[in-house]
Structure formats: C-alpha cells, structure tokens
Amino acid sequence: MSAHRISDYRPYLSTSSALRKPSAIRKLIPLMSSRPDMVSLGGGLPNPNLFPFTSLHFTVKGLIDNSGKHSSSSSDRTTMKELELSSEELGLALQYSPTPGVPQLVSFLNSLQQREHAKDLNANIANSNIKNAREENNYLPSQPSPEWNYDVSVTVGSQDGLCKAFEMLLDPFSQDDELFVESPTYPGALGFLRPYGCKLIPVPTDEHGIQPEQLSKLLQESSSSHSSSYPFGENDQQKRKKRRVLYTIPTAQNPSGSTLSNDRRIAIYHLARKYDLIILEDDPYYFLHPNRQCIPSFLSIDHNLGDGRVLRFDSFSKLLSSGMRLGFVTGPPTLVNQLNLHTQTTNLHASGISQLLAYKLLDYWGLDGFDDHAASTATFYNNRRNVLLSAAHQNLSPDLAEWNIPEAGMFLWIKILNGIHDTKTLVEEKAVDAGVLFVPGQSFCPLNEPSSYVRASYSTASDEDMNVAMERLAALIRK
C-alpha cells in the first residue's frame, strides 16, 4: 500500500458535506431485492401497475463512417438493430432505482473503467518520458496497485457529478479553500464556481496543457501564505488540512483543445501528492482521442500509485446522446459514496429510462463494440477538425490569427492578432451582425479577464459553413 494512501477523507470534505447522512429511505432501495422473501412497507414506491407504459423498443444505427454517415456491416454489432427492454428492464427504468445507478449499467461501466484505466503504465504505455519520470523521480512504482479499488456512480451528465464534487470538497465563500483551475477552462464549471464563491487560482497552460512548473510555483506560494490546518467538524475540536483541489480537463481540453502530455500528467500527480491535492479529472473528450490507449489518465496513475486522490468524470454526451444526460464518476469508494449523499438530497438518481436505453445499447455492443464506436467518432471529429484547419489556413493570414492544432475534441482555440486584445465586442456584436457565431475568450477565463482568443467549434458545421465563417472572421479582424 502506498505511504501516501488517503485513509481518512473527512479532512477533505466541506463543512456541509461532512454533515450529510444517508437517506433512511434511499438506503432501503437495494435491500428490497436482497432476498426473495423480503416484504417491504418502507419504500414509498409508486405502484408500477399504474404506469401507462407497457413496452419500449428502439433501433440503433451502425458505426459512423468518416463522412459522418452511418454504415452497415456484416458484423452483428454494426448492422441496424432493433432493441427492446424486457418487462423486468422496463420496470427498472420506470421505478425509483439505487442512487449510484441501475445495477446492470453500473456493472458495465465498472468493467469499462477497469479496461481503460487499470493499466500497468510501465508495461502498456510506450513513452520514454514516463519511464524517465519513474527512474529519475520515483513517480511510478515498478508494479501497479494489485487491485482495482474504485466505485462508479451514474450522474445526470458529467457536470452534475462535477458540481456535486465542488460542493463536497470546497466551502462556499471561503478564502482558505483553494481550487486550482486551468486558464482557460470550461465555462460551465465557472458558471457554478463564480457565484459559489470559492477561491479560484488560475494555472497557466500552453498547447500541452497545464505547465507543471507554474502549478508548482502557485502551490509553493499557497503553502507559505496560510496555515496548514484549522478547525472543522461539528464541535470544532478536530483539525483538518488546508483544502486544495485541482480541476483539470486533460484531454482535448475545452476550449483550448490541448491534450496534457504524458510526462506532465506524471509531474502534476507528483505535485498533487506532495501538496496533498484531490484531483478532479473532467474528461468528456477522452473517448474522442484517437490514441487514448497511449494516454495515462490521472485515474490510471492513481491506480498505479495507490493514493486514492482522483475523482474522474466521464460523459456519454459526445458518444451516445447529449439529451440523455448521462455521465459517470469513478473514484475512491468513500468519496463516491459521499457524492451519492449529495445526489440523495437533490435528484435522487439519473433517469432510469436513459440508463436502461444506454445499458441495452452497450450490452448489445459489448466493450469491443463500444470501442469501435468511440474510434469511429474520434475519426469523424478529427476529419471535421481538418476541414476547419484548412479553412483557417486559407482565410486567416499569419498577421490576423494563430492557433495550435488540437489532437482531438471539438474546438479550435484561435488567438486574434492585428492589435485586438479583447474579443468580447468583436464576437458578441460585430460577428453576430456579420452572421457568424463564436465564443469570446473571456468566457473561459477563471477571473473573467479580457482575452484575445475566440473558440470555434467544428462539430456540426458543414465544410462550406466553416469556410464562410473563417472568411467572415478574417474580414472582421481586418476592419
């Protein structure tokens, strides 16, 4: 076991989260099916005989080809297929379910996460930087953690789990708790965090993601400026450590499109261990990366080192459907269970209909079919990226704008030149009048500062529309 293994998570919890208790009613749900002769008068479940729905069936498409169309194949898992929920499955979909999710889906997701992240990094990741990191800094052990010791919980999209994690780990309007966040970062997270009032510390990034030396400097400054412990808990007699949390989007980051390099991932985890951070790994674009098997997630590093300091957030929005609102969080059982307590007092659980639809599809595909779909989706989006890059090169001369090529994802992060240091008016007024939409860089700045960047999405626009958009952007910059 790691000497850095977290054995007591109470010091890491916010004041309100530490006071949460399991729901007396919610904890009855799994007990109702624990034995065949169980008689329940305690749950308050509505009578399923009154539900008006009697069946649910749907047709799934084949794999996506490079043009964005769905292709047919002789393979069973890629041809058009009609699926139907059994009467038992329909009953599960329509009734209250356990807070972590419908058991069949949770079991599939646990298998998926083990396949993706329970890796021996030294054996499976062909990266000299990782090998050097282990040899020079002892960041990785020679052998991985022997057991997969993480739980999975289904959430209403990954943002649902993410916001609950913020509430779980940070006190509102606290100048002591610190959230280290990439600059730029996802505005959906900022939309929650700014009114929540926690202390945001922007961490500089470049085309390879967070700069570890800058994060190290910020952590050193944080350590030297505050006391490392102060009261927490109901009676203020216990002492808790200074709460520090790192929020990162390591793969195909929104908005920058950057993918954190492997050596930086190891270095950042080492800093999290040194300064005792919890890492919130928000990775909705992970499955859109064509070489994801060569990328060590923070969860995978945590599995190898055995600390238990990573909560990982995945999403089906980019793979199955954004309207289904399904995500899942993976992490140490204590933290996942604590997050479930937040769910018990808000939305109880994710939609049963969405969960069963997803499960039937995933069960039909299997892990290999899911992998095929993810690979096809990644190829599709990278082809769309190439179209936008071509349009940008054709229309935006080097004196007008510059950008880095994203490895994956859905976004191109464009720095506007020609003396433009704040794109807010350019994007929100002039561009709208010219008939083209972007998002101004300021929306992604943790401290809401002016920015010379704009974010362009290539996920849905046609080839022609992307070229027109770049033409209009070029004209606006020249004015």
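Residues numbered from 1 in each chain as written. Predicted model: local features only at pLDDT ≥ 70, side-chain atom pairs only at ≥ 80, totals over all residues. Heavy atoms only, no water.

Side note on unusual backbone geometry
Glycine aside, residues mostly have negative phi angles, and peptide bonds mostly take the trans form. The criterion, for reference: To qualify as a helix, a DSSP run of H or I must reach at least 4 residues; to qualify as a strand, a run of E must reach at least 2; elements of each kind are numbered from the N terminus.
Cis peptide bonds are those with omega within 30 degrees of zero, and the linkage from Ser183 to Pro184 qualifies with 10°. The residue Pro184 is located in the loop between strand 4 (178-183) and helix 7 (187-196) in this model. A cis amide bond links Asn254 with the next residue in sequence, Pro255, at an omega value of 20°. Mapping Pro255 onto the fold places it in the loop between strand 9 (244-248) and helix 9 (262-275). Despite not being glycine, Ala252 shows a phi value in the positive range, around 50°.

Some remarks on the sheet that holds strand 5 (residues 199-206)
For clarity, the threshold we go by: Any two strands with at least two DSSP-identified bridges between them are counted as paired.
Pairing is mixed across the open sheet formed by eight strands, whose spatial order is 3-12-11-10-9-4-5-6. This sheet does not close on itself; its edge strands, each paired only once, are strand 3 (151-155) and strand 6 (209-210). Note that strand 10 (residues 278-282) and strand 11 (residues 310-315) share four bridges and pair parallel. What sits directly across from Glu281, in strand 11, is Arg312.

Remarks on the nonpolar core
Here is the rule: Among the buried residues, those of types Ala, Val, Leu, Ile, Met, Phe, Trp, Tyr and Cys that are joined through side-chain atoms within 4.5 Å form a nonpolar core. Relative accessibility thresholds used throughout: buried, under 20% of the residue-type maximum; exposed, over 50%; partly exposed, between the two (1.4 Å probe, protein chains only). In this analysis, two residues are considered to be in contact whenever any of their non-hydrogen atoms come within 4.5 Å of each other.
One finds Leu109, Val154, Phe287, Phe316, Leu326, Leu362 and Phe370 to be the most contacted residues of the largest nonpolar core, which totals 39 residues. Sort the elements by how many residues they give to this core and helix 12 (residues 352-395) lands first, with 11 residues. Apart from residues lying up to four places away in sequence, Phe287 is in contact with Leu112, Glu116, Arg292, Asp314, Leu319, Phe370, Ala374 and Ala378. Counting 31 residues, the second-largest nonpolar core is a separate cluster that includes Leu13, Leu169, Leu179 and Ile249.

Notes on the confidence of the model for the protein
Our working definition: For every residue, the predictor reports its confidence as pLDDT, a number between 0 and 100.
Chain-level pLDDT for the protein is 88 on average; 87% of the residues reach the 70-or-more range. Taken as a whole, residues 72-77 scores under 50 in pLDDT and shows 10 contacts with residues more than four places along the chain or in a different chain. Contacts for the low-pLDDT stretch residues 227-238, under 50 throughout, to residues beyond four places or in other chains number 27 contacts.

Quick look at the packing of aromatic side chains
Basically, it comes down to this: When two rings of Phe, Tyr or Trp (its six-membered ring) have centres within 6.5 Å they constitute a pair, described as stacked for plane angles under 30 degrees, edge-to-face for angles over 60, and tilted for the intermediate range. Distance and angle both matter: a charge sits over a ring if NZ of Lys or CZ of Arg is within 6 Å of the ring centre and within 35 degrees of the ring normal.
This structure, assessed with the given rule, holds 12 aromatic pairs. Judged by centre distance (5.6 Å) and plane angle (80°), the ring pair of Phe166 and Tyr247 falls under edge-to-face. Note that Phe166 is positioned in helix 6 (residues 158-169) and Tyr247 in strand 9, a separation of 81 residues in sequence. Look at Tyr285 and Phe411: their rings are 5.8 Å apart centre to centre, the planes differ by 80°, and that puts the pair in the edge-to-face class. One end of the pair, Tyr285, is in the loop between strand 10 and helix 10 (298-305); the other, Phe411, is in strand 14 (residues 411-416), with 126 residues separating them in the sequence. Through a chain of ring-to-ring contacts, three or more aromatic side chains come together here, namely Phe166, Phe192, Tyr196 and Tyr247. Over the face of the ring belonging to Tyr286 we find Arg312, whose NZ or CZ atom lies 4.6 Å from the ring centre.

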